[in-house]
Amino acid sequence: MDAVRQVSCSDRAALARETARFVADALASHPGRFVALAVGDSTLPLYAGLDAIGPAWAGRSIMPVDELVPTPADPDRRFSARLAAALPGELRRRLIPIEVEGDPPLRAIALDARLRAVLGLGPDGHVAFNQPATPLDAPARVVDLAPGNLARLGPVEPARSALTLGVTTILAAGAVLVVASGPGKAEALDRLVHGPGDPAWPVTWLRRHPRLTVAIGPGVVSP
């Protein structure tokens, strides 16, 4: 297993530059239509400059890595709406929301597509909403949100679940960037960097990806 590529970023601006560099390189190096972006508070501010990548976006679409189930009463709390608000205007037209109405498990099957992914790291080691304990072979699916993770989302009632990219979906992506930023992430980061793979820390499965980069932002102690 190769060592995880780590990039230390001194501030939010440096973290945003690394995110843009990763996306630009991934678009240039890999076929496929979709770029999946995390919608956490630590990642959303990083997307403001993604339009500077320019022509490399031709033919590409953007999607969130997960979506709440059922749809929140406040439509602005949908993950696709939060992502749209964070994207530059030029890129919003490339956003394809994850549809959860009707048959969410059937919608999950449609998510298993080749993509590039930017993922946030949760304090409990979740990535997308692959929460503890998640096995290596977990596909895209609907998951019940752990109480702590649900509470961090704020007022999203009646949603209590999420349709999320699975571990297998993410490992099939052309390239993966994990953003570790803010307090409470040090242990999850240490588990990711040093392994081993552990269903209690789902992010550790990403060590199996041959093109994994971890961008370490301010407020996280590098292991």
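A brief look at the structure comes next. (Residues numbered from 1 in each chain as written. Predicted model: local features only at pLDDT ≥ 70, side-chain atom pairs only at ≥ 80, totals over all residues. Heavy atoms only, no water.)

1. A look at the overall build of the protein
Helices and strands together make up the secondary structure of the protein, namely seven helices and nine strands. Whereas a compact globule of 223 residues would reach a radius of gyration of roughly 17 Å, the protein reaches 16 Å, a difference of no more than 12%. If one aligns the C-alpha atoms of the protein with their principal axes, the spans along those axes are about 40 × 40 × 30 Å. Here the protein holds 223 residues, and the buried ones make up 54% of them. When the accessible surface of the protein is totalled, it reaches about 9,400 Å², and 56% of it is carbon and sulfur. (Helix = DSSP H or I, 4+ residues; strand = E, 2+ residues; numbered from the N terminus. Rg over C-alpha atoms; globule rule 2.2 N^0.38 Å. Buried < 20%, exposed > 50% of the residue type's maximum accessible area, 1.4 Å probe, protein only. Areas by Shrake-Rupley, 256 points an atom, 1.4 Å probe, with all protein chains shown as cover.)

2. Focus on the pairing of strand S6 (residues 141-144)
With burial as the criterion, only one face of S6 is covered, namely that bearing Arg141 and Val143; the residues Val142 and Asp144 on the opposite face remain uncovered. Inspection of the sheet shows S6 paired to strand S7 (residues 161-164) by four bridges, in the antiparallel sense. Paired with Val142 across the bridge in S7 is Leu163. (Pairing = 2+ DSSP bridges.)

3. Considering the pairing of strand S9 (residues 212-216)
Most of S9 is tucked away: five of the five residues are buried. Taken together, the four bridges between strand S1 (residues 5-8) and S9 define a ladder with parallel strand orientation. Considered in S9, the bridge of Val7 is made with Ala215. Of the strand pairs in this sheet, strand S8 (residues 175-180) and S9 are connected by five bridges, and their pairing is parallel.

4. Notes on helix H1 (residues 12-29)
Along its 18 residues, H1 runs 26 Å from first to last C-alpha, staying within 8% of the 26 Å computed at 1.5 Å per residue. Within H1 the residues assigned to the buried category are Ala14, Leu15, Glu18, Thr19, Ala20, Phe22, Val23, Ala26 and Leu27. In the core, the buried residues of H1 are packed alongside S1, strand S2 (34-37), strand S5 (115-120), S8 and S9. N-capping of H1 is provided by Asp11, with a side-chain oxygen placed 3.3 Å from the backbone N of Ala13. (Expected span 1.5 Å × (residues − 1). Contact = heavy atoms within 4.5 Å. Polar contact = N/O pair within 3.5 Å; in protein donor to acceptor, adjacent residues only side chain to side chain.)

5. Some details on the sheet that holds S6
Read across the open sheet, the three strands follow the order S4-S7-S6; overall the sheet is antiparallel. Looking at strand neighbours, the two that pair on one side only are strand S4 (66-69) and S6, the edges of this open sheet. Going from strand to strand, the sheet's axes swing by 30° on average, the running direction of each strand aside. (Axes fitted to C-alpha atoms, helices over the stretch in contact; angles between N-to-C directions.)

6. Let's talk about helix H7 (residues 186-194)
Residues of H7 that are buried include every one of Ala188, Leu189, Leu192 and Val193, and no others. Each buried residue of H7 lies within a common arc of 130° when the element is viewed along its axis, so the set occupies one face. The secondary structure elements touched by the buried residues of H7 are S1, S8 and S9. (Arc of directions from axis to C-beta.)

7. Points about unusual backbone geometry
In this structure, the amide linkage connecting Pro132 to the following residue, Ala133, adopts the cis form with an omega of -10°. The omega angle of the peptide bond from Glu157 to Pro158 is 5°, so this bond is cis rather than trans. Along the chain, Pro158 falls in the loop between helix H5 (147-152) and S7. In this structure, Ala128 takes a positive phi of about 50° despite not being glycine. Following the sequence through the fold, Ala128 ends up in the loop between S5 and S6.

8. Let's talk about the environment of Leu106
By the element assignment, Leu106 lies in helix H4 (residues 104-110). Each C-alpha atom, one on Leu106 and one on Arg77, is 23 Å from the other, the two residues being 29 residues apart in sequence.

9. A look at the nonpolar core
Of all hydrophobic cores here, the largest spans 75 residues; its most connected members are Leu37, Tyr47, Leu50, Trp57, Leu83 and Leu206. For this core, the leading source of residues is H1, giving seven residues. Beyond its immediate chain neighbours, meaning those up to four positions away, Leu206 contacts Leu119, Val127, Ile170, Leu171, Val176, Val178, Leu192 and Leu212. (Core = buried A, V, L, I, M, F, W, Y, C linked by side-chain atoms within 4.5 Å.)

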